[in-house]
Amino acid sequence: MTLLIRYGRYLLLGILAAFAFTTLILLFAGAPPLAAYLHLFKGAFGSWNKFAHVLNAWIPLTLCACGLLYTFRIGLWNIGVEGQMMLGAVLTTLVLRFSAAEQFPLLFLVLAFLGGLAGGALWALLAGFLKTKGGVNEIFAGLGLNFVAQGLLLWLIFGPWKRPGIASMSGTELFSRELWLPVLRPFRLSPVGLTLAVLAVIVTALLLRYTRVGLSLRAIGGNPRATRLFGLRPGLYMLLAMSFAGGFAGLAGSVQVTGIYHRLIPAISSNYGYLALLVVMLAGYRVWLTPAVALFFAALNVGSIQLPMMLRIDSSLSGVIQGALVLATLAVHAWHMRRQEREMNR
Amino acid sequence: MNDLNLTLLFAGVVAGAAPIVLATLGETLTEKAGLINLSLDGSILLSAMTGFTVAYLSGSLFWGFLAAAAVGALVAAVVAVFSVYLKQSQVAVGFVLTLMARDLAYFLGNPYARLQGPQAGPLPVPLLREIPFLGPVFFQQSLPVYLSLLLIGVLWWYLYRTTPGLNLQAVGEHPKAAYARGIDPKTVQLVYALCGGCLVGLAGATFSLAVKPGWGRPQGAEGTGWIALALVIFGGWHPVRAAIGAYLFAFLQVMGIYLQEWFPSVPAQVFQVAPFPLMIFTLLLTGAARRFRTSPVTGQAGR
Amino acid sequence: MEITLRDIRKYYGLVRANEGISMTVRPGTVHGILGENGAGKSTLMKVLSGYTPRTGGDILADGRPVDFRAPEDAARLGIGMLYQDPLDFPRLTVLENFMLGQSRGLFLSRARYRARLRELCDYLGFSLVPEAPVRRLTVGERQQLEILRLIALGTRVLILDEPTTGISSDQKEALFRALKTLTAEGKSVLLVSHKLEDVELLCDRITVLRGGQMTGEMDAPFDTRAVLSMMFGAPPGIPPRSRVTPGRPVLAFRNVSAPGGRTGLISCDVTIHAGERVGLAGLEGSGQGVFLRVAAGLTRPGQGTVTLNEMPMTGRDYHAFRRKGVCFLPTDRLAEGLVPGLTITEHFALRDRRHPFLVKWTAAFLKAQDRIRDFRVKGTPDARVEALSGGNQQRLLLSFLPRNPSLLLLENPTRGLDLASAHWVWEHLQGYGGHDPEMAIIFSSPELDEILMAADRVLVFFDGRIVRDVRTDETGVAELGRAIAGDTGSIRHAFPGHRRPVI
C-alpha cells in the first residue's frame, strides 16, 4: 500500500512535468493552452454522452492493456497488439458474414466473440512461435505481423469483402441491426463491452496474484534459466502469455466491430494496441492502476477530437500529452532511484 | 502497361533508398556503441516535418536539413540520457518516443500540411553523368542522395580504419573493458547516439525535401523507421551490408508500383503495404535472428 | 617505482572489503598477496589499479602521494592490472585489442603496432598471431596479450590477479619466465593468488589478508605452516568421508559427445554407481560443465547414449530426468539457480507442485520459515534472493533439494563461499548421502584439495575428454595436476597431437 502511495507521488509529479511540457508545445504552436485544456476536458466530460464515448474508448484500451500485463510479467515486449486486435476484428466479421447469422443473432454474436478471441490469440501465438522456436525477437515479429494484418485488412476491405459497387476506406457493408451489440439508450454504450472490460481486469488481477500461472510468469520474467530447474517450461509459458494477450486484444477487436462500427474498417484498431503499451508502462505494470490510467488516456483521446474544430489545432495533441506523461513519470522515478542510491552510498 | 525501363527503375531505387540508407547508417552507428534508439519511426517523421517547415519558412534547404538533423539528435539524446544516465529501459523509452514524436510531428506540422515548399532537385555531376546506365542511376541525383552514397563508405572507413572507430566498437562490445582502457563508455555512447540521431534527422529531411516532398498526415515515411531498425540487424551491424538491405527494400517498393499496374485486379493498397511485411520477414528469417542473440547491444549501457 | 599503501580502506555499504591495509612494493621484486576466496585481495588490487575508488587511506608512488579516479590515471603512473577475467574484446583481433587504448589521434597505424607487438612477443617469449580473433584464444594466450599490452603502455608495476587459474602448465612456465624477465630490469610485480605453490616459486615477499584485513607479512623463504595459519586462522578439517561400496549403476554414458562450453564433450564413456561421490577435475571449461548438463538432461547429446538407473534416456528432456530423481545445482546461483526479484517465500511457492492451480501462500510462507531455520539462511521469508549473500544463496538452493534424489549434480558447489560456508555445505552433503546409499553425487571443482577430500573417485577432463578416471585414495595432487594440464603419459600416446600446443 505504501508502495502504491509512493508510486502515486511519482505519477503526480510526472503529470505536472508532462503538462508543463505540453503547455510549452501549445505556446510554441501559437494555441491558447488554457483553452486547449478546457476543451480537452469538456470534450471528454462535458456531457453524459461524451463520457459514454470515453467509456467506449476505455473498453478496448483496458482489454488490450490487461492482456499486456501477462506478457510484461514474463518479460516479453508484445508490440503486436495492433495486429492481434485486427485479426480479432477480421474473425468476428467473418463469423457475422454468414447468411444464417441474421436468423440466430445471439448465437452468432457469441460465436463472433469467440472468433475474435481465437483470432487474436492465434495471431499472438504466431509471434510467440517465431520467438520461442525461431529465435526471432518478439518486437520485430510482432511488428512484422502488424504490417501483415494491416495488409490483410486492406485486401479484405478492397477485395473479397468490398461493398457492392464501391470499395472504399469507409469499410465493409454495415451488418443488419440484429447483429449490433445492444446499447444503453440514449447513449451508444454497450453493457456487454463494459462487462467484458471489467471482468478482464478482475480476472487478470486474481490470476496474477493467486495462481501458479501468475507466479510462474513472474518467475520466468525474472530468470528463465532458473525456472527450468524448478520444473517450468519457459517456452510454454511464453506462448501462454502471448495467447492471453492476443485473446484480450482480439476481444477488443470484436467489441469494436460489433459495438462501435458494426462493420470492418481499415482503422479498426484505432491505434489502441500501441496506446495500451503506454497505459501499462504508466501504470508501472500494476494491475489496479491499469484501468485508471486507461480511463485517463481514453478521456484524452476523446477530448481531443473536437480540438481541430474549436481551436484549429490537430487532435494528435492527446498523443503528445500521453507520451510526455510516460516519459516524465519514468524520469521522476529514475531521479528518485538515483537519490536513494546516493543516500545508500553515503 | 508500361515497359520496364531498367535505368529508370534503378535510378528510382537509388533515390528512394537514400533516406533509408541514412537512417540505417545512423542506427548502425548508435547500436555499434551499445545503445538502441528504437524511436526511429517517430523521429524520422518529426525531423521530416521540421525539415520541411524550416525550409518552407526560411526558404533555404540548408536550414531545413540542419534543423532536421538537430531534431533527430535531440530525440536520440533523450533516449541516451534515459538509458545511460538514468538507467531506464531503452526499449521502453524508445517506444514511447516513437509514438510521441509522431504525434508531435502531426500536431506541430498541421498548419504546414499540403503546402508547396522547396525541394532538393537533381544536381547532375558533370562528365560522370554521361556514363551510360551508371550516369543516370548514380550521378543525376539530388544532394542528399549523393550524401547517402558517400556516407556508406565514410562510415565503413571510420568504423574499421580509425582510432575513434575502434574505441567505439570496444564500447559496444564490452563497456567495462573499454573503461579500463581509459575510454569513457557513457560519453562515447552519448556522442554516437547524437551522431546517429543526426543521420536519422537527415533521413527525415531527405523524405520531406527530396524523395516524398512536402508534409501531410500521413507523410508517406511512416513505417520506414521500423524497416531501418530491422535492416541494422540484418546487416549484422555492418554499414555496407545494412545499406545493401536498404536498397533491397527500395527495390521492393519500386517494384510494387510496377506490379500494381500489371495486376489491376489486386487492390493498390496491398502493393503499398506489402513491402513492409515482406522485408521484415525476409530479414528475420534469413538468419538475422541468430545474430540478434549475439548482438553487441547489451541493453544496459555503461558501468 | 616504489609503491606504498597506507591504511587503505574500502567499504561497500556495510561490508568492509578492506580495512587498514599498509604495505610497500619495492622495485624489481615480485610481491605476493595471499588469502583465501573473499579475503579482499581483488578489492585491494582494484583500488590500486584505479578501477574502484577507495573509501580511505593513501597511496604513495616513490614517496609522493597520488590520487586516481580512473584506470587511466593509474596507467599514466605506470600501474597496470591484469584482471582475473581478462577485460578484453573477444570479437576484435589480437592486434586491435593491442591497439585499443594505446592508439591516439584519428588514424590507426596497424603496421606500427604490429611491429611493436612482434617485438614485445620476442622479448617476453610469447607467440601470438596478430590477426587472430581473441575469442579463439585460450585463457593463457589472452593473459599474454594483456601483459604485452600493459608493458607497451609503459607499465612499471604489474598487478596480476590469480594469473595461474585456468592456464596450462606450459603457459604457467612461460608466464613465470616472463615475469622474471620483467623484474630483472627493475619492474615490480604484484601477484594475487591463493596458491601457495605459485607464491613459493616466484615471490620475494608476501602480504597475507584474511576477512579484509592484513594478518601478516613475510620475506622469502616462506614457512608454509606459518603462511597457512595467517591465511586460514586455525585450519578446519572437512569431516571424513564414509566409505561406501559402489552399488548398481545409476548413470551410464556410452560414447557421448555434446556441444557447449569452450570444448564441448567428446566421446565420453563412464558409469557412475549408487553410493559414489565423484569429483570432476580439470581446467575451467574443459567439459565438466557440459558433462553435468548432459547428465541433468539440460543439454542433449549430439551422439551416444545416456542411461539412468538402467533406463535409456537419450533424447528425453530435463523434465524426464527430473522425474527420475536427478537434481542439478548450477554454479552461477543468481544466473541459473534463483530468480532475482522473487522472495524466498515465492521460491518455495514455485517449488510446491502439489497445487496445480492456486498458490497456497500461507503454506509457502511457513515452509520458507522452516527451511530458513533448518538451513541457517540469514534472511527473512520476505527477503528477495538477490539481497542474500553468496553463502546464503547456496544454503537456500540446498534447501530446495528433494529428500531422496537418486543422482545429485553439483557444479562448483563452494565457489565464492567463505571457508565456513563451504565447510557447512560439505557437512550437509555428507549427512545427506549417509541416509541413502542408493544416491550418487557428482560435483565439479577447480580445487583439487576439495575433490581429494570430498570424493571417492575423480574424473579428470582435458579438452572435452575424460583423460583420467581414478579412485581418490590411489592418486595425489601431483598426478592429477599433471593430468589437468593434459600431461598424462599413456593418454598422450592414445591421442597424439591432442595436446594443446603452447604458443
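See above for the structure.
As a starting point, this report considers the structure included with it. (Residues numbered from 1 in each chain as written. Chains lettered and ligands numbered in written order. Predicted model: local features only at pLDDT ≥ 70, side-chain atom pairs only at ≥ 80, totals over all residues. Heavy atoms only, no water.)

1. Regarding the overall build of chain B
(1) Moving on: Helix and strand counts for chain B come out as 13 helices and 0 strands.
(2) Moving on: Secondary structure elements of chain B, listed N to C terminal, follow the sequence α-α-α-α-α-α-α-α-α-α-α-α-α.
(3) Moving on: Taken over the C-alpha trace, chain B has a radius of gyration of 19 Å; the compact-globule value for 303 residues is 19 Å, and the two agree within 12%.
(4) Moving on: Considered along the principal axes of its C-alpha atoms, chain B spans approximately 60 × 45 × 40 Å.
(5) Moving on: In chain B, buried positions account for 60% of the 303 residues.
(6) Moving on: Relative to all contacts within chain B whose residues are 6 or more apart in sequence, the contacts with residues 24 or more apart total 79%. (Helix = DSSP H or I, 4+ residues; strand = E, 2+ residues; numbered from the N terminus. Rg over C-alpha atoms; globule rule 2.2 N^0.38 Å. Buried < 20%, exposed > 50% of the residue type's maximum accessible area, 1.4 Å probe, protein only. Contact = heavy atoms within 4.5 Å.)

2. Things to note about the overall build of chain A
(1) Moving on: Secondary structure assignment for chain A yields 14 helices and 0 strands.
(2) Moving on: Mapped from its N terminus to its C terminus, chain A presents α and β elements in the order α-α-α-α-α-α-α-α-α-α-α-α-α-α.
(3) Moving on: Radius of gyration (C-alpha) of chain A: 21 Å, near the 20 Å computed for a compact globule of 346 residues.
(4) Moving on: Counting only C-alpha atoms and orienting by the principal axes, one finds that chain A spans roughly 75 × 60 × 35 Å.
(5) Moving on: Sequence-distant contacts in chain A: of pairs separated by 6 or more residues, those separated by 24 or more amount to 77%.
(6) Moving on: Looking at chain A as shown, the accessible area adds up to about 14400 Å², and 68% of this sits on carbon and sulfur atoms.
(7) Moving on: Taking the average location of the 26 positive side-chain charges in chain A and that of its 8 negative ones, the two points are 9 Å from each other. (Areas by Shrake-Rupley, 256 points an atom, 1.4 Å probe, with all protein chains shown as cover. Lys, Arg positive; Asp, Glu negative; His and termini not counted. Charge placed at Lys NZ, Arg CZ, Asp CG, Glu CD.)

3. Regarding the pairing of strand β10 (residues 213-219) of chain C
All names here are of chain C.
(1) Moving on: Taken together, the 6 bridges between strand β9 (residues 205-210) and β10 define a ladder with antiparallel strand orientation. Along β10, the bridge assignment pairs Thr207 with Glu217.
(2) Moving on: The hairpin formed by β9 and β10 contains 2 residues between the paired strands, and Gly211 there has a positive phi angle of roughly 55°. (Pairing = 2+ DSSP bridges.)

4. Things to note about the interface of chain C and chain A
Interfaces are often sized by the amount of accessible area the parts lose when they come together.
(1) Moving on: Tallying the contact residues gives 30 residues for chain C and 20 residues for chain A.
(2) Moving on: On the chain C side of the interface with chain A, the three residues burying the most area are His319(C), Leu350(C) and Trp361(C), jointly 25% of the side's total.
(3) Moving on: Taken together, the connections running from chain C to chain A amount to 13 residue pairs in polar contact (both at pLDDT 80 or more).
(4) Moving on: Of all elements in the fold, only α10 (318-323), α11 (333-337) and α12 (344-351) of chain C reach the threshold of two or more residues within the side of chain C that touches chain A.
(5) Moving on: Per element, the largest residue contribution to the side of chain C that touches chain A is 5 residues, and it comes from α12(C).
(6) Moving on: For the side of chain C that touches chain A, the per-class residue count stands at 18 nonpolar, 5 polar and 7 charged. (Buried area = accessible area lost by both parts, 1.4 Å probe. Polar contact = N/O pair within 3.5 Å; in protein donor to acceptor, adjacent residues only side chain to side chain. Nonpolar A, V, L, I, M, F, W, Y, C, P; charged D, E, K, R; others polar.)

5. As for the pairing of strand β20 (residues 465-471) of chain C
All names here are of chain C.
(1) Moving on: Of the strand pairs in this sheet, strand β19 (residues 457-462) and β20 are connected by 6 bridges, and their pairing is antiparallel. Its bridge partner being in β20, Leu459 is matched across the sheet by Asp469.
(2) Moving on: Hairpin geometry of β19 and β20 is characterised by an intervening segment of 2 residues between the two adjacent antiparallel strands and by a positive phi of about 50° at Asp463.

6. Focus on the sheet that holds β19(C)
All names here are of chain C.
(1) Moving on: Reading across the sheet, the 6 strands line up as β16-β17-β18-β13-β19-β20 and stay open at both edges, with mixed pairing between neighbours. The open sheet has two free edges, formed respectively by β16 (326-329) and β20, since each of these has just one partner strand. Across the sheet, the mean angle separating the axes of adjacent strands is 15° when strand polarity is ignored.
(2) Moving on: Pairing of strand β17 (residues 407-411) with strand β18 (residues 440-444) involves 5 bridges; the strand directions are parallel. Bridge assignment links Leu410 to a residue of β18, and that residue is Phe443.
(3) Moving on: Where helix α9 (residues 288-296) meets the sheet, it contacts β13 (277-282), β16, β17, β18, β19 and β20, and its direction lies at approximately 150° from that of β17.
(4) Moving on: Sitting on the sheet, helix α17 (residues 477-484) is in contact with β13, β19 and β20, with an inclination near 30° to β19. (Axes fitted to C-alpha atoms, helices over the stretch in contact; angles between N-to-C directions.)

7. Comments concerning unusual backbone geometry
(1) Moving on: With an omega dihedral of 5°, the bond running from Arg185(A) to Pro186(A) counts as a cis peptide bond.
(2) Moving on: With respect to the secondary-structure elements, Pro186(A) resides in the loop between α6 (138-158) and α7 (191-210).
(3) Moving on: The peptide bond linking Arg217(B) to Pro218(B) adopts the cis configuration, its omega dihedral lying at 5°.
(4) Moving on: Phi at Leu127(B) takes a positive value of approximately 70°, unusual for a residue other than glycine.
(5) Moving on: As for its placement among the helices and strands, Leu127(B) is situated in the loop between α4 (90-109) and α5 (134-138).
(6) Moving on: For Leu127(B), a relative accessible area of 74% corresponds to the exposed category.

Bear in mind that shape data such as this cannot, by itself, settle questions of function.
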